[in-house]
Amino acid sequence: MMHSDTLLTRAKEGDQNAQGKLVQLWYKRIYNFSYKFFLDHDMAMEVSQKTFISMCRNLAGLQDNARFKSWLYKIAVNYCREEARKKKGNRSLSFDSVWNREAEESPAWEGSSQRLDNPERQLQQAELADVLQQALGELSDEQREVVIMKEYEGLKFREIADVLNLSENTVKSRMYYGLDGLRKILERKNIGKDTLGYEL
């Protein structure tokens, strides 16, 4: 658990310092989930902000402190779905998709640790990460949500089922079909176990 029951209780009672601490503790995980869902920094920031605003407004209504994690992810998933619906009607490019933030001419490059890595290895890892992210984007929203929560965020099937209001068997089924879909997408791109370093 990333927080104490005492911190959560104080936050539920309206203690803004405790709420701020919860945001600090959980922001990176919610942002990472949202980023993997959209592959877009601005969208991930938007969803993260909305998630934590909603958390602060509705925290007092959370009945069971043990369910905080799944409750928070449920909020994030709902905002991801909402933004995905909006995005389908809006086909504009984000600044980051035009200017590669990892490129050497990017202002962020100079301060990154990546510039110190082995360039060949760095290129291979970056290309592989891009291919995996693209493959993840080809899955259905339902499968992508489950794969991200399980494989990237480390949630248990029970927690994912709680977040999505589904049975554990349905979650496991979506996970199975999601991983199978990823494997087929990667096979089409001639990427296998040897390239990835593990088997899907």
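Definitions and limits used
- Residue positions within a chain follow its written sequence, with the count starting from 1.
- Since the coordinates come from a predicted model, pLDDT governs what is reported: local features require at least 70, and pairs of side-chain atoms require 80 or more to be given and counted, while whole-chain, interface and lining totals use all residues.
- Hydrogens are left out, water is left out, and the side-chain values use all remaining heavy atoms of the structure.
- Numbering of helices and strands runs from the N terminus, with a helix taken as a DSSP run of H or I at least four residues long and a strand as a DSSP run of E at least two residues long.
- Relative accessibility thresholds used throughout: buried, under 20% of the residue-type maximum; exposed, over 50%; partly exposed, between the two (1.4 Å probe, protein chains only).
- Note on contacts: a residue pair is in contact if any heavy atoms of the two residues lie within 4.5 Å.
- Note on areas: Shrake-Rupley, 1.4 Å probe, and residue coverage restricted to the protein chains presented here.
- Bend at a residue means the angle formed by two fitted axes: the first through the 7 residues ending at that position, the second through the 7 residues beginning there.
- The definition of a polar contact used here is a pair of N or O atoms within 3.5 Å, where within protein one atom must be able to donate a hydrogen and the other to accept one, and adjacent residues in sequence count solely through side-chain atom pairs.
- We call a set of buried residues a nonpolar core when its members are Ala, Val, Leu, Ile, Met, Phe, Trp, Tyr or Cys and they connect through side-chain atoms within 4.5 Å of each other.
- Planes of paired rings set the category: under 30 degrees apart is stacked, over 60 is edge-to-face and the rest tilted, where pairs are Phe, Tyr or Trp rings (Trp by its six-membered ring) whose centres lie within 6.5 Å.
- In this scheme, a helix's expected span is set at 1.5 Å multiplied by one less than its residue total.
- Per residue, pLDDT captures the predictor's confidence, and it can take any value from 0 to 100.
- The angle between two axes is taken between their N-to-C directions and runs from 0 to 180 degrees, where each axis is a line fitted to C-alpha atoms and a helix contributes only its stretch in contact.
- An angle below 35 degrees is read as roughly parallel, one above 145 as roughly antiparallel, one from 65 to 115 as roughly perpendicular, and any other as oblique.
- The sense of a crossing depends on the near helix, which, turned anticlockwise from the far helix by less than a right angle, makes the crossing left-handed and, turned clockwise, makes it right-handed.
- Salt-bridge detection follows one rule: a side-chain nitrogen of Lys or Arg within 4 Å of a carboxyl oxygen of Asp or Glu.

Looking at an unreviewed UniProt entry, one finds the protein chain named Sigma-70 family RNA polymerase sigma factor and attributed to Chryseolinea lacunae.

(A) Focus on the overall build of the protein chain. When you go through the protein chain residue by residue, the secondary structure sums to 10 helices and zero strands. Counted from the first residue to the last, the protein chain has its helices and strands arranged as α-α-α-α-α-α-α-α-α-α. Expressed as a percentage of the 200 residues in the protein chain, the buried residues total 40%. Within the protein chain, counting contacts between residues at least 6 apart in sequence, those at least 24 apart form 61% of the total. Carbon together with sulfur atoms contributes 47% to the accessible area of the protein chain, which is approximately 12,100 Å² in total.

(B) Layout of helix H2 (residues 16-38). A bend of about 50 degrees at Trp26 is the largest found in H2. Among all positions of H2, only Ala18, Gln19, Leu22, Trp26, Arg29, Ile30, Tyr31, Phe33, Ser34, Lys36, Phe37 and Phe38 are buried. Measuring from the backbone nitrogen of Asn17 back to the side-chain oxygen at the start of H2 gives 2.9 Å, which picks out Asp15 as the cap. Downstream of H2 by a residue or two, Leu39 has a phi angle that is positive, lying close to 55 degrees.

(C) View of the nonpolar core. Core analysis: the biggest nonpolar cluster contains 46 residues, and Leu22, Phe33, Met55, Leu59, Phe68 and Met149 have the highest contact counts within it. Listing elements by their share of this core, those giving two or more residues are helix H1 (5-12), H2, helix H3 (41-58), helix H4 (68-89), helix H6 (119-138), helix H7 (141-152), helix H8 (157-164) and helix H9 (168-188). The greatest single-element share of this core, amounting to nine residues, is contributed by H4.

(D) Structural view of the packing of aromatic side chains. Overall, the coordinates contain nine aromatic pairs when judged by the stated rule. Aromatic side chains Trp26 and Phe68 sit 5.8 Å apart centroid to centroid with 70 degrees between the ring planes, which places their arrangement in the edge-to-face category. Taken together, the positions of Trp26 in helix H2 and Phe68 in helix H4 put the pair 42 residues apart, joining distant regions of the chain. Between Tyr27 and Tyr31, the ring centres sit 6.4 Å apart and the planes meet at 15 degrees, which makes this aromatic pair stacked.

(E) How the structure looks around H7. Over its 12 residues, H7 runs 15 Å from end to end, which matches the ideal 16 Å to within 8%, given 1.5 Å per residue. All buried positions along H7 are accounted for by Gln143, Arg144, Glu145, Val146, Val147, Ile148 and Met149. Gly154 occupies a position one or two residues after H7 and carries a positive phi of about 75 degrees.

(F) Local environment of the confidence of the model for the protein chain. In this model, the protein chain carries an average pLDDT of 81, and 74% of its residues clear a pLDDT of 70 or more. The lowest-confidence element of the protein chain is helix H5 (residues 95-98), averaging 38 in pLDDT; the highest-confidence one is H3, averaging 95. For residues 91-111, every residue scores under 50 in pLDDT, and the model assigns this stretch 21 contacts once sequence neighbours within four places are set aside.

(G) Representation of the packing of H2 against H7 in the model. The geometry of H2 relative to H7 is characterised by a closest axis approach of 10 Å and an angle of 140 degrees between their N-to-C directions. Overall, the two elements H2 and H7 adopt an arrangement that is oblique. Between H2 and H7 lies a crossing of right-handed hand. Across the interface between the two elements, Phe33, Lys36 and Phe37 of H2 pack against Asp141, Arg144, Glu145, Ile148, Met149 and Tyr152 of H7.

(H) Representation of the pattern of salt bridges within the structure. All told, the structure shown has 16 salt bridges when counted by the stated rule. Residue Glu145 is joined to Arg81 by a salt bridge in which the shortest nitrogen-to-oxygen separation is 2.8 Å. In this pair, Glu145 is assigned in helix H7 and Arg81 in helix H4, connecting sequence segments 64 residues apart. For Arg81, a relative accessible area of 29% translates into the label partly exposed. Linked through salt bridges whose partners overlap, the residues forming this network are Glu46, Lys50, Glu82, Glu83 and Lys86.

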